[in-house]
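What follows is the residue order along each chain.
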Protein chains: 2
Amino acid sequence: MNWEIAFVIGVAGALIALAFAFIQSRKVMKFSEGTEKMKKIAASIRSGAKAYLKRQFKVVIIFYMIVVVLLAILAVFGYISVFMPFAFLIGGLLTQLSAFIGMKIATFANSRTANAAEQSLNKGLRVAFSSGTVLSFTVVGLSLLDVSLWFLLLRFVFDLGPTEIADNMVMFGVGVAVFALFARVGGGIFTKAADVGADLVGKVEAGIPEDDPRNPAVIADNVGDNVGDVAGMGADLYESYIKSMHASIALGYAAFMHLGYDMVFASMFLPVALAVVGVIASLAGTFFIRTKENATKKQLLDTLRFGTYGAAAIAAVGFAPVTFLIMGADNWFGLYLAILVGLVAGCLIAYFTEYFTSAHYKPTKNLAKASETGSATFIIGGIALGMKSTIAPVLIIIAAVVGSFLAAGGVFGFVFGDADAVMSFNSGLYGIGLAAVGMLSTLGLTLACDAYGPVADNAGGIAEMAGMDPKVRERTDTLDSIGNTTAATGKGFAIGSAALTSLALLVSFIKLAVREIDALRPAGAEPFTMADLNLNIQNPSVLIGIFIGAMLVFVFSAMTMSAVKRAAQSIVLEVRRQFREIAGIMEGKADPDYATCVDLCTKSALREMVGPTVLGVVVPIITGLIFGVEGVIGLIGGSTVVGFVMAVFMANSGGAWDNAKKYIEAGNHGGKGSEAHKAAVIGDTVGDPFKDTTGPSLNTLFKMVATVSMVFVGIIAAYSIF
Amino acid sequence: MNWEIAFVIGVAGALIALAFAFIQSRKVMKFSEGTEKMKKIAASIRSGAKAYLKRQFKVVIIFYMIVVVLLAILAVFGYISVFMPFAFLIGGLLTQLSAFIGMKIATFANSRTANAAEQSLNKGLRVAFSSGTVLSFTVVGLSLLDVSLWFLLLRFVFDLGPTEIADNMVMFGVGVAVFALFARVGGGIFTKAADVGADLVGKVEAGIPEDDPRNPAVIADNVGDNVGDVAGMGADLYESYIKSMHASIALGYAAFMHLGYDMVFASMFLPVALAVVGVIASLAGTFFIRTKENATKKQLLDTLRFGTYGAAAIAAVGFAPVTFLIMGADNWFGLYLAILVGLVAGCLIAYFTEYFTSAHYKPTKNLAKASETGSATFIIGGIALGMKSTIAPVLIIIAAVVGSFLAAGGVFGFVFGDADAVMSFNSGLYGIGLAAVGMLSTLGLTLACDAYGPVADNAGGIAEMAGMDPKVRERTDTLDSIGNTTAATGKGFAIGSAALTSLALLVSFIKLAVREIDALRPAGAEPFTMADLNLNIQNPSVLIGIFIGAMLVFVFSAMTMSAVKRAAQSIVLEVRRQFREIAGIMEGKADPDYATCVDLCTKSALREMVGPTVLGVVVPIITGLIFGVEGVIGLIGGSTVVGFVMAVFMANSGGAWDNAKKYIEAGNHGGKGSEAHKAAVIGDTVGDPFKDTTGPSLNTLFKMVATVSMVFVGIIAAYSIF
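Below or above, wherever it landed, is the structure these notes cover. All figures in this text were calculated on a predicted structure; none of them were measured in a lab.

1. Focus on the overall build of chain A
And then number 1: Counting secondary structure elements, chain A contains 20 helices and 0 strands.
And then number 2: By the compact-globule yardstick of 27 Å for 722 residues, chain A fits well, its C-alpha radius of gyration being 25 Å.
And then number 3: Considering only C-alpha atoms, chain A reaches an extent of 85 × 55 × 50 Å along its principal axes.
And then number 4: Residues counted as buried form 69% of the 722 residues belonging to chain A.
And then number 5: Across chain A, the fraction of contacts at a sequence separation of at least 24, relative to all contacts at a separation of at least 6, is 83%.

2. Points about the environment of Pro-689 of chain A
And then number 1: Take Pro-689 of chain A: it is sitting in helix α19 (residues 675–711).
And then number 2: You can call Pro-689 of chain A buried: its relative accessible area is 0%.
And then number 3: Between the alpha carbons of Pro-689 of chain A and Ile-189 of chain A there is a distance of 7.7 Å; along the sequence they are 500 residues apart.
And then number 4: With sequence-adjacent residues up to four places away left out, Pro-689 of chain A is seen in contact with Lys-192, Met-561, Val-564, Thr-694 and Gly-695 of chain A together with Ile-380 of chain B.

3. Here's the deal with the interface of chain B and chain A
And then number 1: Taken together, the 70 residues of chain B in the interface contact 70 residues of chain A.
And then number 2: Of the roughly 6,300 Å² buried between chain B and chain A on both sides combined, carbon and sulfur atoms contribute 85%.
And then number 3: On the chain B side of the interface with chain A, the three residues burying the most area are Gln-538, Phe-547 and Phe-554 of chain B, jointly 13% of the side's total.
And then number 4: The tally of links between chain B and chain A comes to 0 salt bridges.
And then number 5: At the level of secondary structure, the elements contributing two or more residues to the side of chain B that touches chain A comprise α10 (362–370), α11 (375–388), α12 (391–409), α14 (425–440), α16 (470–520), α17 (540–581), α18 (594–665) and α19 (675–711) of chain B.

4. Some points on unusual backbone geometry
And then number 1: In this model, His-669 of chain A sits at a positive phi of 50°, which is unusual for a non-glycine residue.
And then number 2: Considering the arrangement of structural elements, one finds His-669 of chain A in the loop between α18 (594–665) and α19.
And then number 3: Positioned with a positive phi, Asp-159 of chain B is a non-glycine residue whose angle comes to about 60°.
And then number 4: With respect to the secondary-structure elements, Asp-159 of chain B resides in the loop between α4 (121–157) and α5 (162–206).

5. Some thoughts on the packing of aromatic side chains
Two numbers describe a pair of aromatic rings. These are the distance of the centres and the angle of the planes.
And then number 1: This structure, assessed with the given rule, holds 55 aromatic pairs over all chains.
And then number 2: Residues Phe-7 of chain A and Phe-151 of chain A carry aromatic rings whose centres are separated by 3.5 Å and whose planes lie at 10° to one another, so their mutual orientation is stacked. Of the two residues, Phe-7 of chain A sits in helix α1 (residues 7–30) while Phe-151 of chain A sits in helix α4 (residues 121–157), which places them 144 residues apart along the sequence. Neither residue differs from the other here; Phe-7 of chain A and Phe-151 of chain A are each classed as buried.
And then number 3: A ring pair is formed by Phe-63 of chain B and Phe-182 of chain B, whose centres lie 5.1 Å apart and whose planes are at 80°; its orientation type is edge-to-face. With a gap of 119 residues between them, Phe-63 of chain B in helix α2 (residues 36–76) and Phe-182 of chain B in helix α5 connect regions that are remote in the sequence.
And then number 4: Feature note: the residues Trp-3, Phe-7, Phe-151, Tyr-261, Phe-265 and Phe-269 of chain A constitute an aromatic cluster, connected by ring pairs.

6. Quick look at a positive patch on the surface
All names here are of chain A.
And then number 1: A grouping of Lys-50, Lys-54, Lys-58 and Lys-104 is seen on the molecular surface, where their side chains present a positively charged patch.
And then number 2: Within the secondary structure, Lys-54 sits in helix α2 (residues 36–76).
And then number 3: A relative accessible area of 57% places Lys-54 in the exposed class.

7. Describing helix α3 (residues 84–119) of chain A
And then number 1: An ideal rise of 1.5 Å per residue puts 52 Å on 36 residues; α3 of chain A measures up with 52 Å between its terminal C-alpha atoms.
And then number 2: Taken as a whole, α3 of chain A carries its principal kink of about 35° at Ala-109 of chain A.

8. So, a nonpolar patch on the surface
All names here are of chain A.
And then number 1: Judged by side-chain polarity, Ile-5, Val-8, Ile-9, Leu-153, Phe-156, Val-157 and Phe-158 come together as a nonpolar surface patch covering roughly 600 Å² of accessible area.
And then number 2: Of all elements in the fold, only α1 and α4 reach the threshold of two or more residues within the nonpolar patch.
And then number 3: Tracing the sequence through the fold places Ile-9 in helix α1.

9. Comments concerning the packing of helix α7 (residues 261–288) of chain A against helix α15 (residues 443–465) of chain A
Residues and elements named next belong to chain A.
And then number 1: Where α7 contacts α15, the axes come no closer than 7 Å and their chain directions differ by 50°. If you check the angle between α7 and α15, you find them oblique. Residues Ser-282, Gly-285 and Thr-286 of α7 form the contact with α15, whose participating residues are Leu-443, Gly-444 and Leu-445.
And then number 2: Looking at the contact of α7 with α15, its residues break down into 2 nonpolar, 4 polar and no charged.

10. Re the packing of α2 of chain A against α18 of chain A
Residue and element names in this part refer to chain A.
And then number 1: Contact geometry for α2 and α18: axes closest at 10 Å, N-to-C directions at 30°. Comparing their axes, α18 and α2 come out roughly parallel. As for the relative orientation of α2 and α18, their crossing is right-handed in sense. Contacts between α2 and α18 involve Gly-48, Tyr-52, Arg-55, Gln-56, Val-59, Val-60 and Phe-63 from the first element and Val-598, Asp-599, Thr-602, Lys-603, Ala-605, Leu-606, Met-609, Val-610, Val-614 and Val-617 from the second.
And then number 2: Counted by class, the contact of α2 with α18 contains 11 nonpolar, 3 polar and 3 charged residues.

11. Let's talk about the nonpolar core
And then number 1: Ranked by internal contacts, the top residues of the largest apolar core, which has 561 residues, are Met-268 and Phe-644 of chain A together with Met-268 and Phe-644 of chain B.
And then number 2: Per-element tally for this core: the top contributor is α18 of chain B, with 29 residues.
And then number 3: Setting aside residues up to four positions removed in sequence, Met-268 of chain B forms contacts with Phe-7, Phe-151, Pro-162, Ile-165, Ala-166, Ile-249 and Tyr-253 of chain B.

12. Details of the relation of the copies chain B and chain A
A rotation about some axis, followed by a shift along it, carries one copy of the chain onto the other.
And then number 1: The two copies are related by a screw motion: chain B maps onto chain A through a turn of 180° and a shift of 0.0 Å along the axis, at an RMSD of 0.0 Å. This pairing of chains is accounted for by a two-fold axis. Judged by C-alpha distance, Asn-536 of chain B is the residue of chain B that lies nearest the rotation axis, at 2.3 Å.
And then number 2: A share of 100% of the interface residues of chain B reappears at the interface of chain A, consistent with the copies meeting face to face through the same patch.

13. Here we look at the pattern of salt bridges
Oppositely charged side chains are able to pair whenever their charged atoms sit close together.
And then number 1: Under the counting rule described, the total for this entry stands at 58 salt bridges over all chains.
And then number 2: Between Lys-192 of chain A and Asp-692 of chain A there is a salt bridge, and its shortest N-O distance comes to 3.0 Å. In this pair, Lys-192 of chain A is assigned in helix α5 (residues 162–206) and Asp-692 of chain A in helix α19, connecting sequence segments 500 residues apart.
And then number 3: Residue Asp-692 of chain A is classed as buried on the basis of its relative accessible area of 12%.
And then number 4: With a shortest N-O distance of 3.7 Å, Lys-691 of chain B and Asp-658 of chain B are connected by a salt bridge. Residue Lys-691 of chain B is found in helix α19, and its partner Asp-658 of chain B is found in helix α18; the two are separated by 33 residues along the sequence.
And then number 5: Residue classification places Lys-691 of chain B among the buried residues on the basis of a relative accessible area of 8%.
And then number 6: In the salt-bridge network here, residues are joined through shared partners; they are Lys-192, Asp-195, Asp-658, Lys-662, Asp-688, Lys-691 and Asp-692 of chain A.

14. Digging into the side chain of Thr-390 of chain B
And then number 1: Tracing the backbone through its elements, the reader meets Thr-390 of chain B in the loop between α11 and α12.
And then number 2: Here Thr-390 of chain B falls in the buried class, since its relative accessible area comes to 1%.
And then number 3: A distance of 2.7 Å separates a polar atom in the side chain of Thr-390 of chain B from the backbone oxygen of Met-387 of chain B.
And then number 4: Apart from the residues lying within four places of it in its own chain, the contact partners of Thr-390 of chain B are Met-551, Phe-554 and Val-555 of chain A together with Val-645, Val-648 and Phe-649 of chain B.

Reading the values: rules and limits
- Residues numbered from 1 in each chain as written.
- Chains lettered and ligands numbered in written order.
- Predicted model: local features only at pLDDT ≥ 70, side-chain atom pairs only at ≥ 80, totals over all residues.
- Heavy atoms only, no water.
- Helix = DSSP H or I, 4+ residues; strand = E, 2+ residues; numbered from the N terminus.
- Rg over C-alpha atoms; globule rule 2.2 N^0.38 Å.
- Buried < 20%, exposed > 50% of the residue type's maximum accessible area, 1.4 Å probe, protein only.
- Contact = heavy atoms within 4.5 Å.
- Buried area = accessible area lost by both parts, 1.4 Å probe.
- Salt bridge = Lys/Arg side-chain N within 4 Å of Asp/Glu carboxyl O.
- Phe/Tyr/Trp six-rings, centres within 6.5 Å; stacked < 30°, edge-to-face > 60°.
- Patch = residues over 30% accessible without salt bridge, like charges linked within 9 Å, V, L, I, M, F, W, Y side chains within 5 Å.
- Areas by Shrake-Rupley, 256 points an atom, 1.4 Å probe, with all protein chains shown as cover.
- Lys, Arg positive; Asp, Glu negative; His and termini not counted.
- Charge placed at Lys NZ, Arg CZ, Asp CG, Glu CD.
- Expected span 1.5 Å × (residues − 1).
- Bend = angle between axes of the 7 residues up to and from the residue.
- Axes fitted to C-alpha atoms, helices over the stretch in contact; angles between N-to-C directions.
- Parallel < 35°, antiparallel > 145°, perpendicular 65-115°, else oblique.
- Nonpolar A, V, L, I, M, F, W, Y, C, P; charged D, E, K, R; others polar.
- Left-handed = near helix turned anticlockwise from the far one by under 90°.
- Core = buried A, V, L, I, M, F, W, Y, C linked by side-chain atoms within 4.5 Å.
- Least-squares fit on C-alpha atoms with pLDDT ≥ 70 in both.
- Polar contact = N/O pair within 3.5 Å; in protein donor to acceptor, adjacent residues only side chain to side chain.

This is how it looks when you write it as C-alpha cells:
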C-alpha cells in the first residue's frame with residue numbers, strides 16, 4: 001500500500017481529538033458558575049492567568065524573533081533547511097496555543113467545579129475531569145495535526161524524499177522545545193513563588209488557613225496552579241508527544257531503507273498510526289469513567305484507574321492489527337512487542353511513583369514519622385526517600401531500552417527459531433522510539449488525569465474564599481487528593497517518555513551528524529561513516545561532554561530553585577507589608593491588594609525564566625563549538641541520564657513530603673497544629689520547587705538539549721575547535 | 001640509569017615521613033593534658049573512639065576474610081594473580097593502621113590543645129596542627145612504603161616483568177578501597193548521628209548550649225569527630241594517594257613500552273619520585289608555619305596558607321629536575337607540565353570551595369539572609385548554592401584532564417615547533433595520572449590542615465565540659481573556624497584528586513580488560529585489541545552502565561542519609577529518655593549516662609555501614625556479569641562523573657549552611673536566639689550528613705567501583721551475559 005498518503009489518517013485522528021476537546025469544553029461551559037462572589041473570584045483568577053500568559057508570550061516572542069532571524073541566516077548559508085524557521089515558529093505557536101486553551105478552560109472550570117461539588121463529589125469530578133480532557137485532547141490533536149500536515153506538505157507540495165523529510169522533521173521540535181522550557185520554568189516559578197510566599201506568611205507567620213481571602217497572595221496562588229500545573233505541563237507533554245513521533249519517524253526511515261520506498265514510508269507512518277489508535281483508545285477510556293451519584297472516594301479513584309488502564313488495554317489490542325497491516329507479516333511482531341514494552345514500562349513507572357509518594361505505602365508513612373524528631377530529620381528523610389526511589393524508574397527504563405531494542409531488532413525471531421529473522425541494529429533503535437510512542441499513546445487520558453488536579457485545587461480555593469459550605473471544601477479536597485494520586489501516574493508517564501524520547505533523539509542526532517560531516521568532505525574523498533566517529537567513552541571530548549551534561553543539570557536546578565527562593569522572598573515581603581499597612585485586613589474589613597502579588601509573581605517568573613532557558617540553549621552550542629559533535633553526543637547522553645535521575649528524585653521527594661504532610665493533617669502523629677505538623681509544613685515548602693518547578697523542568701531541559709544540538713549540527717560539524 | 005632499584009628511594013622517603021610523624025607525636029605528648037577533669041573527659045572520648053575502631057575492625061575483618069577466601073579461589077583458578085589476597089589484606093591493614101594512629105594521637109591532642117589554648121592561641125594551634133601532621137605523614141609514609149616495597153618484592157624477589165607488576169599493582173588498591181569506604185561511611189554515620197541527635201534534643205528542645213556536659217550525647221559527639229573526621233578522612237586520603245600512584249604506574253608502563261625497558265621503569269618510578277619530593281616539600285612547609293606568640297586569627301590563617309602554598313611552590317620547583325633526570329630531555333617537559341596542571345587545579349578547586357562556603361564571600365552571605373524568611377527558603381537556598389557551586393570544579397577538572405592529556409601527549413612540542421615531537425595517546429593518559437599525583441603530592445600538609453580541625457573542635461568541647469575559662473572556648477572556636485577554612489582547601493584537593501584518580505583507573509581498567517579478553521581467545525585467533533571493544537556511547541551496554549552509575553550514586557546517597565536519620569532518631573529518643581528518667585540531670589547534680597549514647601552510635605554506625613559498602617562492591621560485579629566489560633566501563637564513567645558532581649554539591653551545601661549559621665551567630669540577621677538563627681540551625685542540621693557523611697563517602701564510592709571492577713575483570717570477561 002502507499003503509506004505516504006496514509007498521513008491523511010493522522011489528520012483525521014487529529015480532527016477527532018480536537019472535536020472531542022471542543023465538545024468537552026462546551027460541556028464544561030454548560031455548568032453553572034455559581035454565585036456572584038464565586039464568579040468574581042474566578043474572574044480575577046482568570047484575568048491574572050490570562051495576563052501572565054500574555055506577558056509571557058511577549059517575552060517569548062522576542063526570543064523567537066531572534067532565533068528565527070538566526071535560523072533564517074543559517075538557512076541562507078545552507079546549514080539548515082529553509083523550512084526550519086517556519087517549523088520553529090509554527091511548532092512554538094501550536095504549543096503555546098494548546099497551553100493557552102487548556103489554561104483557559106481550566107480557569108472557567110474551577111468555579112464550576114466548586115459549584116458542582118456542592119451537589120455531589122461525582123458531579124465535581126465530572127466538571128474537573130472534563131476540563132482536563134480539553135487540555136489533553138487539544139495537546140494530542142494539535143501535535144498530531146502538526147506532524148501529519150508537515151509530512152503531507154513536504155512530500156506532496158515540496159516533493160521531498162524520505163531522507164529530507166526525516167532530517168527536517170526531527171529538527172522541527174526545536175520551537176516546541178524552547179516554548180515548553182519557557183512555559184515549564186516560568187509557570188513553575190510563578191506557581192511556587194506564590195504558593196511558598198502565601199504559605200510562609202499566611203500559614204506559618206499569621207496563622208490563617210490556606211486559601212484564606214485575607215491573604216493577599218491567595219489569588220496569585222490560584223493563578224499559579226493554572227499557569228504552572230496546567231499550561232506548563234501541557235506544553236511539556238506536547239513536546240514529549242510530538243518528539244516521540246519525530247524521533248521514530250527519523251529512526252524508522254533509517255531502519256527500513258534497505259527494504260525500499262514502500263517500507264520506508266510505512267515505518268514513518270507507523271508512529272502516527274499508533275497515535276491515532278491511542279486517540280481512539282483514550283476516547284473510549286473517557287466513557288469508562290462513570291460512577292454512581294453517591295460514589296465514595298475509593299470508587300472515584302477506581303473508576304479513574306479503570307479508565308486509564310482500560311484505555312491502555314484497548315490501545316495494546318489495537319496496536320496489533322495496525323502494526324501488522326502497516327509493517328507486514330515479516331516485520332510486525334518484534335515492533336509490536338517494542339511498543340508494548342513502552343506501554344508496560346509507563347504503567348510500571350507510574351506504579352512505583354505512587355508507591356514512593358503515596359501515604360498508603362510504607363515509604364511515605366515512615367517519612368511522616370520522621371517529622372516527630374523535627375523538620376531536619378523530616379527533610380533528610382525526604383531527600384533520602386527521593387534518591388532511593390530512583391532505583392525503580394532507572395531499572396525500568398533500562399529494561400525498556402534493552403527490551404524494545406532487542407524485540408524490534410529481531411532477537412525474538414532468533415530465539416523462536418525463525419530461520420529468516422535478521423537482527424538489525426537500526427530496527428532495534430527504531431524500537432526504542434516506538435516504545436516512547438507506545439508509552440505516550442494514551443496521553444489523551446493520562447494527561448487529563450493529571451490536569452484535572454489543579455482545577456480541583458482552584459475549586460477548593462474558590463470554595464474557601466467565597467465562604468461556601470465546608471462540605472464543598474471537603475469534597476474538593478477529596479478531588480484534589482485523588483488528583484494527587486493520578487498525577488503521580490501522569491508524572492510517571494511524562495518522565496519515562498522524556499527519557500526514551502531523548503535517547504531516541506540522541507541516536508537520531510548521531511545519524512544526522514555523520515551525514516553532515518560527510519557532506520563537508522571534498523568530492524571524491526572516502527565517505528564518512530558512523531565508524532569514523534570516535535564515540536568511545538575514552539575519547540576526552542565524549543567524557544567532557546558527559547561531565548558538562550551532569551553539571552548542566554545541577555546548575556539548571558540551582559537556577560530554578562534560586563529563582564523560586566528569590567521570587568517567594570519578594571512575595572513574603574509584599575504580604576507582610578500589606579498586613580502591616582492595610583488597616584482592617586485581618587478583620588476582613590478591608591480587601592487585600594491581590595493584583596500586586598499577581599503582578600510580582602508575573603514579573604519574577606518572566607525575569608527568572610530567561611536565564612535557565614538561555615542556559616539550556618547556549619550550553620549545547622558552546623560545547624559543540626569547542627568539543628565538536630563528539631562532545632555534544634556526550635552532553636546529550638550525560639544530561640539525559642543525570643537529568644532523568646534528578647527529575648525522579650526531585651518529583652518523588654516533593655510528592656512524598658506533600659503527602660506525608662497531608663497524612664499528618666489527617667490526624668496522624670499529632671495532627672494539625674502539632675510540632676510534627678509544623679516540621680512537615682517546612683518540609684513541604686522545601687519540596688514545592690522540587691516537585692513543581694525544578695523536577696518537571698528537567699524533563700524539558702534534556703529534551704531541548706538534544707533538539708538544539710540537532711539544529712546546530714551543521715555549524716558544529718563545520719567549525720568546532722576539537 | 002637503572003630505575004628499578006630506585007624504588008628504594010621511595011622506601012627512604014616513606015621512612016622520612018614516618019620518622020617525622022613519630023617526632024611530631026612525641027612533641028604533642030610532651031604538652032600537659034591539663035587538670036584532672038580534663039584528663040577524665042579526654043579519657044572517655046579516647047576510650048569511646050578506641051572501642052568504636054576496635055568493633056569496626058571486627059566487622060571489617062569478617063568481611064575481609066570472606067573476600068580473601070573469594071580472592072584465593074579466584075587466584076587458584078587463575079582469574080587473578082596469587083599476590084592479590086595478600087595485597088588485599090596488607091593494603092587494608094595499612095589503611096586501618098594509619099587511620100588508627102591518626103585517631104589515637106588526635107584523642108591525646110584534644111585536651112592538650114585545650115590546655116595550651118589557655119596560654120595562647122598560637123600554642124593551641126601548634127599542638128592541634130602537630131597532631132594533624134602525625135595523621136598526614138603516617139598516611140603518606142605508609143602508602144609510599146606499601147607501593148615501594150611491593151614493587152621491589154615483585155621485581156627482585158618474584159622476578160616479575162613490568163606488565164605483571166603494573167597489572168598487579170593497579171588491583172592492589174582494592175583492600176584499601178574497601179576499608180576506606182567502611183571507615184568513611186561508618187565514621188560519617190557515627191559522627192553525624194551523635195551530632196544531629198545531640199543538637200536536636202540539647203540545643204533545639206532543651207535549650208542548653210553545644211557541648212554542655214549535661215547532654216548525654218556530648219561525649220559521643222566528640223568521639224564522632226575522631227572516628228569520622230580524623231580516621232575516616234585519613235583512610236579516604238590514604239586511598240586517593242596510593243591509587244594515584246598505582247594508576248600512574250600502570251599508565252606509565254603502557255605509555256613508554258615502545259622506548260624499551262629503561263624508560264618503562266623510569267615512567268613507573270616517576271610517580272613515586274614525585275611523592276618523595278612532595279614529602280620533602282611538605283616537611284619544609286611545616287617549618288613555614290610559625291607565628292608570634294600573640295598572633296591574631298588572620299595571622300594564623302595566613303601562616304597556614306603560606307605553609308600550604310609554600311609547600312606547593314617548593315614541590316613545583318622540585319618536580320622539574322626530578323622529572324628531567326628520570327624521563328630525560330626528550331620527554332620531561334610535557335610530563336612536567338601535566339604535573340603542574342594537577343597541582344594548580346587542586347589549588348583552584350580549593351579556592352572555589354572556599355569562595356562558595358565561607359561567610360567572607362557573597363554566596364554564603366546571601367544564604368544567611370535567606371534565613372530571615374524561614375528555614376524553608378534557607379534550605380532551598382543552600383541546595384541551590386551547592387548545586388551552582390559544581391560549575392567551577394567541573395570546569396577545572398575538565399581543564400585539568402584536557403591540559404594534562406595534551407601536555408603529556410606532546411602537543412606543546414608540536415605548538416612550539418619541535419620537529420621531533422610526537423603526539424602520543426598513551427603518554428597523554430599517563431599525564432592524567434601524573435596530574436592526580438601532582439595534586440596530592442603535598443598531602444603531608446593539606447591533610448594536616450584538614451585534620452587539625454576536629455582536634456580543635458574536641459578541645460572546645462573539653463573546655464566547655466571541664467568548665468574552663470570562657471576565653472579558652474573562644475580561642476578553640478577561633479582555631480575551629482580557621483580549621484573550617486583550611487578544611488575547605490583540603491576538601492578541594494580530596495575531591496579533585498578522587499576524580500582524576502578514578503578517571504586514570506578507568507583508563508587502566510580498559511587496558512586490562514582488553515588483555516583479559518585477548519587471553520581468553522583460542523590460540524591462533526586474531527588478537528583482541530582496544531578497537532574491538534565497542535565503547536561507543538550508542539552501545540546499549542555502555543549507556544546502561546552510565547545509567548546504573550548515576551543511579552548508584554543516588555541510591556548510595558539515600559542509604560547513607562537514611563542511616564544518619566535513623567541513627568540520629570535513636571539518639572534523640574535516648575537523650576530524651578535520660579532527661580526524663582535521670583533525676584537531677586538538668587541541674588548538673590547527676591551525671592548523664594554518656595556510655596549508652598556512645599554505644600548506640602557505635603552499633604548504628606556498624607550496622608548501617610555494611611549496606612552501602614556492600615552495594616558499592618556488588619553493583620560493579622552484577623553489572624559486569626550482565627552487561628560485560630562495556631557495561632562496567634559505562635558504570636565507572638557514570639559513577640565518577642555523577643559522584644563527583646554530587647560530592648561537590650553536598651560538601652558545599654553543607655559547608656555553606658554551617659558557615660551561614662556561624663555568621664548569624666556572630667551577630668548578623670538578629671544573632672543567636674533569633675528566628676533567623678533557629679531557621680539556620682535546622683538548615684545546618686540538614687547539612688550535617690551532606691557534608692560529613694554522604695559527600696565525602698561518595699569520593700570513596702566511585703574510586704572503589706573502579707577498583708572492584710578491576711579485580712573481577714577476568715571473571716567478567718569470561719562469563720558476562722551480553
